[in-house]
2 protein chains.
Amino acid sequence: MPVKAQSQFLQVLTRDEAERRFREHLTLAPLGAETVALHAALGRVLAEDVVATVDVPGFDRSNVDGFAVRAGDTWGAMEEEPRRLSPTAETLAPGIVPQAEVTAGTATPIATGGMLPRGADAVVMVEHTDMEGGRLVVRRAATAGENVSYAGTDIARGETVLRAGQPLSSREIGVLAALGLDQVPVHRRPRVAIFSTGNEIVAPGAPLPVGAVYDSNAAILAAAVEELGGEPVRLGVVPDNEARLSAALRQGLACDAVVFSGGTSKGEGDLSYRIVAALQDPGVVAHGVALKPGKPVCLAVTQGKPVVILPGFPTSAVFTFHEFMAPVIRAFAGRPPEQRQLVDATLPMRVNSERGRTEYLLVGLVPGERGLAAYPMGKGSGSVTTFSSADGFITIGQHTEILDAGAPVQVQLLGQGLQAADLILVGSHCVGLDWLAGQLVRQGLRIKSMSVGSTGGLMAAKRGECDLGGIHLMDPATGVYNTHLLTPALELVPGYGRMQGVVYRRGDARFEGRDAAAAMATARSEAGCAMVNRNAGSGTRILIDRLLEGAQPAGYGVQTKSHNAVAVAVAQGRADWGLAIDTVARQYGLGFIPVQEERYDFVLPRDRLARAPVQAFLALLRSDAARAALRELGFRVDPGG
Amino acid sequence: MPVKAQSQFLQVLTRDEAERRFREHLTLAPLGAETVALHAALGRVLAEDVVATVDVPGFDRSNVDGFAVRAGDTWGAMEEEPRRLSPTAETLAPGIVPQAEVTAGTATPIATGGMLPRGADAVVMVEHTDMEGGRLVVRRAATAGENVSYAGTDIARGETVLRAGQPLSSREIGVLAALGLDQVPVHRRPRVAIFSTGNEIVAPGAPLPVGAVYDSNAAILAAAVEELGGEPVRLGVVPDNEARLSAALRQGLACDAVVFSGGTSKGEGDLSYRIVAALQDPGVVAHGVALKPGKPVCLAVTQGKPVVILPGFPTSAVFTFHEFMAPVIRAFAGRPPEQRQLVDATLPMRVNSERGRTEYLLVGLVPGERGLAAYPMGKGSGSVTTFSSADGFITIGQHTEILDAGAPVQVQLLGQGLQAADLILVGSHCVGLDWLAGQLVRQGLRIKSMSVGSTGGLMAAKRGECDLGGIHLMDPATGVYNTHLLTPALELVPGYGRMQGVVYRRGDARFEGRDAAAAMATARSEAGCAMVNRNAGSGTRILIDRLLEGAQPAGYGVQTKSHNAVAVAVAQGRADWGLAIDTVARQYGLGFIPVQEERYDFVLPRDRLARAPVQAFLALLRSDAARAALRELGFRVDPGG
């Protein structure tokens, strides 16, 4: 029994102490330089200062098409009183080195980019001249230096133009080319070995056995390494086998850093830790950090190379990676420390935190009446979507236990910073709404969608934090959906019906071919016929309790939060029946006995009704195309428009 | 004479009209999709909606190490009053499919990530249990659903997880991996052919003849195409030759778009335009746009492919590229339109603009007492550094002629947005200051440096817009440098001396071996001995006028703005002598006759004196290492500290 013998971490460190011990043994500096061709330098980091060895321009350059003159020869020239000069035989196209001097009373034709000849101190634009009988007629006076860029005005020879550490965008690449450089010294990219451990972990692309999990950590970490300026070395999924793990670690140590995920706890079965614990010089420096998520992270250094075991759960893995490894990779790559943008927001709901741990709470941001509201993305550290869909996170200090609803918070933005959205949808998820949103995205609207359930959507609409909230909440007193929850500030937009019914595995004689009443009679009474329930407060739960008539069969305590979870529990045999909608039953190939239609409608704050994106949504919802598509998906759409 | 026959553009269009005509013949939509491996998808753009075909998690998952139980069996359990359960034989490591049901009074060991067995509805953490005599002692009650993530809570099968048009960062890549995808449909990258034209244009890496220019446009444009999601196809530098240009254009038209620079005017010599003008369906749609910079841009479309001739001058080229081509490339690549960030600022000086043209004025931003000041980067459209060092630009409408000093302006940020700086240097450029700044950068300081000349630096310091301004301005009355310009709010930090003298080509018998007095006697009187002057207001000009004693020899009107420009004019033979500092004379291998030392000192607003980065600068300036380095560079450093 591996789990029972598990010991606690030897010493759980604070976040800062763990970081201090980790960095004590690392040199946070670029690993070295290499030379790359200029056309391959985009996104790299300059390894040396660049001092100009040429002037730009390299000569006194004409900025217009015209005539090189002595400015004094044109003084007083006007439309009615032009000056007349003798054109010289030479014509100064770009790249031509002038042979003759411009002497008093003469003018040399010169093109944009041409080299100013000796004697000239200005260029008269061709538009201000005419030729008359072989003489140049100048109709406007020029001042000394007019239309000339002197050598070195843009870049002076000897000037330090770019400095080591400069990330190279197109703008810097242009400057390097102007200096004539076709090779650039850049910091070499740190090579970071990445693998995942665990017998249950399956590489994307392979079939997924029941109980197994696709390896998302290796993919997100490898991409993050690239984003940080490193080069990921993908070592794949390594099974829980001492020899295989040792070999992977050895292979990884040929790189500049090793990062892997899974197996951070200290139970008997934890091979990863045992193998890393064998490293020396100095070896493991922290195992267990007072962080949520991410407590089990293990930090080690050997001969100046960081070796990190991240927790297996995706949010924990990516948070601990960004907390401890990302700054190291940036420094190895010669990049400056990241500067994350902070924004002020308000918590729309109370949040509890655990004393003694620094907690990072991922949030989604939506603009409301009182500025931004920061919605906690409550899917837990096992979620992979929490990190990808969050706008940022708040840090709850180790001494804070409660943040009240309405508390002001500072949000560190993730990704590209806060993206503006045209339409904000907060509420219950539905594949029908998915389809509608997709159509609007194709129309060019930017949509932000947060699945927080019906009640969450209703609350967001009341607080003015969304344009539309999809809800399906039954009034237990009347059996009518949604209308009982309206306030004067909210409008209810009719959506569509979703048929709810009993789902069961096809061929189960207890349900096959029966009607709802007969099925529920079985469900209420038959021992060994286990159900899967829904969460209290959901419309489906209200219906379930009605149908059960007070009975609480086996599985009543399994209170899942979605139609999908019900279908999976039945499909995988952990339960024999549950209540779900027919579109989901169909997806999982389950039997379905219709019971009652629920209404999936939209609440809409009235003061948002006039917004163009809201109107676009409503027009789409009422369109024949949408009605046909929703019917096709299995929803009940009222006839007519 | 090519320049003389030049005609005006047939019709100069407004910016918006030019854009309208250009887009009328283009389909601003992705060009097509292709499938790439997930590990090569970073930075690409999703071409199709991704609908989850699996639930994540795919089963009801334990989030902790512990025991799967029926929550009801633990109710009432406390430290002093534990509940006792019978452990089952099965152990549920991750990936194991449970075979037995958890029945009343039993508990099945389960690891983090393990699959919840039938019958169980909660997991008790191992920390809250003990084993005693083969029985599991549970010391804390569990609620239904505790420590369990139900199937599909993270991603529900059938849910649209990501939408077409989504750029793929590490965050999205993690989600795609979690769904088991190892191949991703992405928009294919538009291939953009890029070449430069002009006999004077030389590819970086090749030697640079006098009068020639390195090709920076192709490099910056190719890198910009990459940044926009396209694939640059580099066709190199094409000489002004009809057959060669036609061949390049034909080759380019095998791509999705063609961009080249140089040859946009309409003179006889303008082959580029003639060749593009031969395109049909529809061919040229705009030639000449009321834009500054960028008026000569030529926009064409043939069979749905954009063909654009950008002006040859770097700033004009990159501005017209971003104005007209960048949005097309983004659309072809399936990316959303760029959203540039706007910031408010104040113009510190008056700016004149030309009526009838939309002008884009590149500015550098520095924080001052009244918010941000937007300094025009006054190097002209021929500059390559203006665009690379600007923080953003302001748009001056076609009906505006004057923006007064102090005018509020909106600045569209370029690049990565506004970067915070620790130390702001505004003033005259000096390679000594370059060295000092480089040392501070190595200490980790972020430095923003703007070369606006001594007077500009003094004004910025008076306005509180810089930490330090390097200046070298002589009082004409006393010959003393810099001290006469102080105000009570400014402190003068002694810098170092720079020896000024007469520069001439080595071997010129008129100067070689003479002292300053003899050299100047020659310079004042000898016909055919041409000088190169400096700009009025510069310290060097004051010295020149003193030395000339009222004489104005040939070249007096050539008023360059830097020591380098003086040295280049002499080195290239456009002048025979000028006044410059010795370090510059040495760089160009010129002869040097010392005349007078000028002081390069630093003005510093007193209220910035206490800032740590300012103190770091002062400590460095006074250090032995800096004094030695400055001496090594050729500057005069006072003895002692």
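Residues numbered from 1 in each chain as written. Chains lettered and ligands numbered in written order. Predicted model: local features only at pLDDT ≥ 70, side-chain atom pairs only at ≥ 80, totals over all residues. Heavy atoms only, no water.

## Remarks on the sheet that holds strand S16 (residues 231-238) of chain B
Residue and element names in this part refer to chain B.
Here is step 1: Ordered in space as S16-S13-S17-S21-S20-S18, the six strands form an open sheet in which the pairing is mixed. At either margin of the open sheet sits one strand with a lone partner, and together these are S16 and strand S18 (282-287). Put simply, the sheet's adjacent strands are angled 15° from each other on average, direction ignored.
Here is step 2: Examined bridge by bridge, strand S13 (residues 191-197) and S16 share six bridges and lie parallel to one another. Looking across to S16, one finds that Ile194 is bridged to Arg234.
Here is step 3: Lying over the sheet, helix H3 (residues 217-227) contacts S13, S16, strand S17 (257-261) and strand S21 (305-310), oriented at roughly 170° with respect to S13.
Here is step 4: The sheet strands contacting helix H4 (residues 242-252) are S13, S16, S17 and S21, and the helix crosses S16 at an angle near 175°. (Pairing = 2+ DSSP bridges. Helix = DSSP H or I, 4+ residues; strand = E, 2+ residues; numbered from the N terminus. Axes fitted to C-alpha atoms, helices over the stretch in contact; angles between N-to-C directions. Contact = heavy atoms within 4.5 Å.)

## Quick notes on the relation of the copies chain A and chain B
Here is step 1: Superposition record for chain A on chain B: RMSD 0.1 Å, screw rotation 180°, translation along axis 0.0 Å. In symmetry terms, the pair is related by a two-fold rotation axis.
Here is step 2: Here 98% of the contact residues of chain A are again contact residues in chain B; the copies associate through an equivalent surface. (Least-squares fit on C-alpha atoms with pLDDT ≥ 70 in both.)

## With respect to helix H3 (residues 170-178) of chain A
Here is step 1: Of all nine residues making up H3(A), nine are buried, and the element is well covered by its neighbours.
Here is step 2: Among all positions in H3(A), only A:Ser170, A:Arg171, A:Glu172, A:Ile173, A:Gly174, A:Val175, A:Leu176, A:Ala177 and A:Ala178 are buried.
Here is step 3: Contact partners of the buried residues in H3(A): strand S2 (50-51), strand S11 (160-162) and strand S12 (183-187) of chain A together with strand S15 (213-214), H3 and helix H7 (385-389) of chain B. (Buried < 20%, exposed > 50% of the residue type's maximum accessible area, 1.4 Å probe, protein only.)

## A look at empty space enclosed by the protein
Here is step 1: Considering all chains together, one arrives at five cavities of 30 Å³ or more under this definition.
Here is step 2: Taken as a whole, the largest cavity encloses approximately 80 Å³ of empty space.
Here is step 3: For the largest cavity, the lining is made up of 14 residues, of which A:Gly119, A:Ala120, B:Val558, B:Arg574 and B:Ala575 are closest to its centre.
Here is step 4: When its residues are assigned to classes, the lining of the largest cavity shows nine nonpolar, two polar and three charged. (1 Å grid on protein atoms, 1.4 Å probe; cavity = no way out; pocket = protein on both sides within 12 Å on 5 of 7 lines; lining within 4 Å. Points joined across faces, edges and corners; volume = space filled by probe spheres on them. Nonpolar A, V, L, I, M, F, W, Y, C, P; charged D, E, K, R; others polar.)

## Some points on the interface of chain A and chain B
Here is step 1: Contacts between chain A and chain B engage 123 residues on the former and 123 residues on the latter.
Here is step 2: Our enumeration of links across chain A and chain B arrives at eight salt bridges.
Here is step 3: Notably, a salt bridge pairs A:Arg574 with B:Asp60, separated by 3.1 Å at the nearest N-O pair.
Here is step 4: Our count for the chain A to chain B interface comes out at 42 residue pairs in polar contact (both at pLDDT 80 or more).
Here is step 5: For the side of chain A that touches chain B, the element with the highest residue contribution is H3(A), accounting for eight residues.
Here is step 6: Split into classes, the residues belonging to the side of chain A that touches chain B amount to 53 nonpolar, 42 polar and 28 charged. (Salt bridge = Lys/Arg side-chain N within 4 Å of Asp/Glu carboxyl O. Polar contact = N/O pair within 3.5 Å; in protein donor to acceptor, adjacent residues only side chain to side chain.)

## Quick notes on the packing of aromatic side chains
Here is step 1: Per the counting criterion, the structure on display carries 20 aromatic pairs over all chains.
Here is step 2: Judged by centre distance (6.0 Å) and plane angle (75°), the ring pair of A:Phe319 and A:Phe387 falls under edge-to-face. Note that A:Phe319 is positioned in helix H7 (residues 314-332) and A:Phe387 in helix H8 (residues 385-389), a separation of 68 residues in sequence.
Here is step 3: Aromatic pair B:Tyr360 and B:Phe393: ring centres 5.6 Å apart, planes at 85°, arrangement edge-to-face. In this pair, B:Tyr360 is assigned in strand S24 (residues 358-368) and B:Phe393 in strand S26 (residues 392-396), connecting sequence segments 33 residues apart. This pair shows no difference in class: B:Tyr360 is buried, exactly as B:Phe393 is.
Here is step 4: Connected via pairs of aromatic rings, a cluster forms that spans A:Tyr496, A:Tyr600, A:Phe602, A:Phe617 and A:Phe635.
Here is step 5: Taking the ring centre of A:Phe387 as reference, the NZ or CZ of B:Arg171 above it sits at 6.0 Å. (Phe/Tyr/Trp six-rings, centres within 6.5 Å; stacked < 30°, edge-to-face > 60°. Lys NZ or Arg CZ within 6 Å of the ring centre and 35° of its normal.)

## Some points on the sheet that holds strand S36 (residues 591-605) of chain A
Residues and elements named next belong to chain A.
Here is step 1: In space, the six strands of this open sheet follow the order S31-S36-S32-S35-S33-S34, with mixed pairing throughout. Looking at strand neighbours, the two that pair on one side only are strand S31 (469-471) and strand S34 (559-560), the edges of this open sheet.
Here is step 2: Alignment of strand S33 (residues 531-534) against strand S35 (residues 577-581), held across two bridges, turns out to be parallel. Across the sheet, residue Val532 finds its bridge partner in S35, namely Gly578.
Here is step 3: Contacts from helix H11 (residues 516-525) reach strand S32 (490-504), S35 and S36, with the element oriented near 100° to S36.
Here is step 4: Sheet strands touched by helix H12 (residues 539-548): S32, S33, S34, S35 and S36. Its angle to S33, the strand with the most contacts, is close to 130°.

## So, the layout of surface pockets
Here is step 1: Roughly 420 Å³ of volume is contained in the second largest pocket.
Here is step 2: Grouping the constituent residues of the lining of the second largest pocket by class yields 14 nonpolar, seven polar and six charged.

## So, the domain arrangement of chain A
Residue and element names in this part refer to chain A.
Here is step 1: When cut into domains, chain A gives domain 1 (15-28 + 189-332), domain 2 (33-56 + 154-187), domain 3 (61-149), domain 4 (342-413) and domain 5 (469-641).
Here is step 2: Its C-alpha centre places domain 1 at a distance of 26 Å from the equivalent point of domain 4.
Here is step 3: Across the domain 1 to domain 4 interface the summed buried area is about 1400 Å²; carbon plus sulfur atoms make up 65%.
Here is step 4: If you sort the residues of domain 1 by the area they bury against domain 4, Lys292, Thr315 and Phe319 come out on top, with a joint share of 44%.
Here is step 5: The interface formed by domain 1 and domain 4 contains zero salt bridges.
Here is step 6: Mapped by element, the contributors of at least two residues to the side of domain 1 that touches domain 4 are strand S19 (291-292) and H7.
Here is step 7: A class-by-class count of the residues in the side of domain 1 that touches domain 4 yields eight nonpolar, four polar and four charged. (Domains from an automatic or database assignment. Buried area = accessible area lost by both parts, 1.4 Å probe.)

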